[in-house]
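Structural features, examined
Chain by chain, the residues:
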Amino acid sequence: MELFVNTYFISMANLMSWKTTVIDVKISKEFVKEADEVIELSNLEDILSMDLNFYDASVILSHSPKTDDIYLKALLTSNMNYIGMMRKKKNMQRIKQEFGLQNDKRFFAPIGLDIGGNTHHAIALSICSQIEAKKNGKI
């Protein structure tokens, strides 16, 4: 599901006139061709040395605990206003505890507003809606 969500998420973000950047290792270009920028990392740990301060929001869609933890570590050192992670609720307790995120107002997981839909389009819409709500001070 992840790759399809990426495709729909990028399309939805483009409809919002957001600049979209995909940063990852081993990127399947056909699923991110609508992104404004694609940065393919040589090594996963390269994200830790990147300056991410000029991004407003980030969404972690990897579904891999090792990858998610490294990306989250990098994002938490930035001044980003919104950091979202697509994971199951049961996994979020460990992550919140491990990274001290219980009161972090920038961190959203599982990501997206509950709009009642489970299609790829609905998931993309729920994520973009949550980012827009945070940007506008509604959450």
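The rules behind the values
All residue numbers here refer to positions counted from 1 along the written sequence of the relevant chain. Side-chain atom pairs in this predicted model are given and counted only at pLDDT of 80 or more, local residue features only at pLDDT of at least 70, and totals for whole chains, interfaces and linings cover all residues. The side-chain values count all of the structure's non-hydrogen atoms but skip hydrogen atoms and water molecules. Working definition: helices are DSSP H or I runs of at least four residues, strands are E runs of at least two. Numbering for both runs from the N terminus. Radius of gyration means the value over C-alpha atoms here, while the globule rule gives 2.2 Å times the residue count to the 0.38 power. Contacts between residues were defined by any pair of non-hydrogen atoms, one from each residue, lying within 4.5 Å. Each accessible area is a Shrake-Rupley result for a 1.4 Å probe, and residues are judged covered by the shown protein chains and nothing else. Burial here depends on accessible area, computed with a 1.4 Å probe over protein chains only, as a share of the maximum for the residue type. Under 20% is buried, over 50% is exposed, and the range in between is partly exposed. Here a strand pair is declared whenever DSSP counts at least two bridges between the two strands. A crossover gets the label right-handed when its path from the first strand over the helix to the second runs clockwise, viewed with the strands pointing away from the viewer. For our purposes a nonpolar core is just a set of buried Ala, Val, Leu, Ile, Met, Phe, Trp, Tyr and Cys residues, chained together by side-chain atoms within 4.5 Å. Patch membership requires more than 30% relative accessible area and the absence of a salt bridge. Residues of like charge join within 9 Å; the nonpolar side chains Val, Leu, Ile, Met, Phe, Trp and Tyr join within 5 Å. Salt bridges, as used here, are contacts in which a Lys or Arg side-chain nitrogen is within 4 Å of a carboxyl oxygen on Asp or Glu.

Notes on the overall build of the chain
Secondary structure assignment for the chain yields four helices and five strands. The order of α-helices and β-strands along the chain, N terminus first, is α-β-β-β-α-β-α-β-α. Its C-alpha atoms give the chain a radius of gyration of 14 Å, within 12% of the compact-globule value 14 Å for 139 residues. Overall, the chain is about 35 × 35 × 25 Å in size when its C-alpha atoms are taken along their principal axes. Pairs at least 24 apart in sequence give 53% of the contacts found in the chain among residues at least 6 apart. Carbon and sulfur atoms make up 51% of the accessible area of the chain, which totals about 8,100 Å².

Focus: unusual backbone geometry
For the bond running from Ala 109 to Pro 110, omega is -5°, close enough to zero to count as cis. One can find Pro 110 in the loop between β5 (107–108) and α4 (120–135). Here Ser 17, not a glycine, exhibits a phi torsion of approximately 65°, which is positive. Within the fold, Ser 17 resides in the loop between α1 (2–15) and β1 (21–24). For Ser 17, a relative accessible area of 66% puts it in the exposed group. Even without glycine at this site, Lys 26 takes up a positive phi of about 50°. Inspection of the secondary structure assignment puts Lys 26 in the loop between β1 and β2 (37–40). Overall, the relative accessible area of 76% leaves Lys 26 in the exposed class.

What to know about the pairing of strand β3 (residues 57–60)
Relative to strand β4 (residues 82–85), β3 runs parallel, the two sharing four bridges. Its bridge partner being in β4, Val 59 is matched across the sheet by Gly 84. In this view, the connection linking β3 to its parallel neighbour β4 by way of helix α2 (residues 65–76) has right-handed handedness.

A few points about the nonpolar core
Core analysis: the biggest nonpolar cluster contains 20 residues, and Ile 47, Leu 52, Leu 72, Met 85, Ile 95 and Phe 107 have the highest contact counts within it. Of all the elements in the fold, those that place two or more residues in this core are α2, β4 and α3 (89–99). Ranked by residue count, the leading element in this core is α2, at five residues. Not counting residues within four places of it along the chain, the set of residues in contact with Leu 52 comprises Ile 23, Ile 47, Ala 74, Leu 75, Ser 78 and Met 80. Within the second largest apolar cluster, 15 residues are counted, among which are Leu 61, Met 86, Ile 123 and Ile 127.

Focus: a nonpolar patch on the surface
Nonpolar side chains collect at one region of the surface, where Leu 113, Ile 115, Leu 125 and Ile 139 lie side by side and expose about 310 Å² of accessible area between them. Relative to the helices and strands, Ile 115 resides in the loop between β5 and α4.

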